[in-house]
Amino acid sequence: VQLQASGGGLVQPGGSLRLSCAASGSIFSPNTMGWYRQAPGKQRELVATITSGDITDYANSVKGRFTIARDNAKNMVYLQMNSLKPEDTAVYYCYVRRNYPPYNVYWGHGTQVTVSS
């Protein structure tokens, strides 16, 4: 399984970005897809997750601002980020996890999101 994330960039505070992640290979189901982020000097933080059945969960820090969605036919997961803040600056990583043993997890390369004026 390979994941390719895209859509990062530089945006001003209050702006928006949409991250995309394409999964390829032997995609298993059911699964959970999602996004983590890691800022310099900080621990990795789970941002948002979505199951094969479209059940979503968000970190408190992004609730009401970020929306995760997926396209199962295309094996894609998206993260719409609105009202961005400087503290959202981080490298964002997408992942997919098998929801049954052995619960394999696959990661994509990160995409940098920088929120700055």
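Our subject is the structure listed above.
Undergrad: Would you explain the state of the cysteines in this entry?
TA: Two cysteines joined by a covalent bond between their sulfur atoms form a disulfide. Scanning all chains against the criterion turns up one disulfide. Across a sulfur-sulfur distance of 2.0 Å, Cys-21 and Cys-94 are joined as a disulfide pair. What sets the handedness of the Cys-21 and Cys-94 disulfide is the S-S torsion sign, and at about 60° it is right-handed. Note that Cys-21 is positioned in strand S3 (residues 17-24) and Cys-94 in strand S9 (residues 90-98), a separation of 73 residues in sequence. Of the two residues, Cys-21 and Cys-94, both sit in the buried class.

Undergrad: Would you mind going over the environment of Arg-65 with me for this structure?
TA: Tracing the backbone through its elements, the reader meets Arg-65 in the loop between strand S6 (56-58) and strand S7 (66-71). Spatially, the C-alpha atom of Arg-65 lies 11 Å from that of Leu-17, the residues being 48 residues apart in sequence. Setting aside anything within four residues of it in sequence, one finds Arg-65 in contact with Gln-80, Met-81, Asn-82, Ser-83, Leu-84, Lys-85 and Asp-88.

Undergrad: Help me understand the packing of aromatic side chains, please; the structure alone is not making it clear to me.
TA: Remark: the centre distance and the inter-plane angle together describe each pair of aromatic rings, the angle taken between the planes. Evaluated as defined, the whole model comprises four aromatic pairs. Measuring from centroid to centroid gives 5.2 Å for Tyr-36 and Trp-107, while their planes differ by 55°, and the two rings are tilted. With a gap of 71 residues between them, Tyr-36 in strand S4 (residues 31-38) and Trp-107 in strand S10 (residues 105-107) connect regions that are remote in the sequence. For the cation-ring pair, Arg-18 lies above Tyr-78, with the distance from its terminal atom to the ring centre recorded as 4.1 Å. Taking the ring centre of Tyr-36 as reference, the NZ or CZ of Arg-44 above it sits at 4.7 Å.

Undergrad: Would you mind going over the sheet that holds strand S8 (residues 76-81) with me for this structure?
TA: Picture the strands of a sheet paired through backbone hydrogen bonds; they go either parallel or antiparallel. Spatially, S1-S3-S8-S7 is the arrangement adopted by the four strands of the open sheet, whose pairing is antiparallel. The open sheet has two edge strands with one neighbour each: strand S1 (2-6) and S7. Shown here is a sheet whose adjacent strand axes are inclined to one another by a mean of 15°, direction ignored. Here S7 pairs with S8 via six bridges, running antiparallel. Directly across from Phe-66, in S8, lies its bridge partner Met-81.

Undergrad: Hey, could you run me through the pairing of strand S11 (residues 111-115) in this one?
TA: One face of the sheet, then the other: side chains in a regular strand alternate in exactly this way. Side chains Thr-111, Val-113 and Val-115 project from S11 onto a buried face, and the interleaved Gln-112 and Thr-114 project onto a face without burial. As defined by bridge partners, strand S2 (residues 9-11) adjoins S11 across three bridges and the pair is classed as parallel. Counterpart to Val-11 in the pairing with S11 is Val-115. Alignment of S9 against S11, held across three bridges, turns out to be antiparallel. The residue bridging Ala-90 from the neighbouring strand is Val-113, located in S11.

Parameters at a glance
- Residues numbered from 1 in each chain as written.
- Predicted model: local features only at pLDDT ≥ 70, side-chain atom pairs only at ≥ 80, totals over all residues.
- Heavy atoms only, no water.
- Disulfide = S-S within 2.5 Å.
- Helix = DSSP H or I, 4+ residues; strand = E, 2+ residues; numbered from the N terminus.
- Buried < 20%, exposed > 50% of the residue type's maximum accessible area, 1.4 Å probe, protein only.
- Contact = heavy atoms within 4.5 Å.
- Phe/Tyr/Trp six-rings, centres within 6.5 Å; stacked < 30°, edge-to-face > 60°.
- Lys NZ or Arg CZ within 6 Å of the ring centre and 35° of its normal.
- Pairing = 2+ DSSP bridges.
- Axes fitted to C-alpha atoms, helices over the stretch in contact; angles between N-to-C directions.

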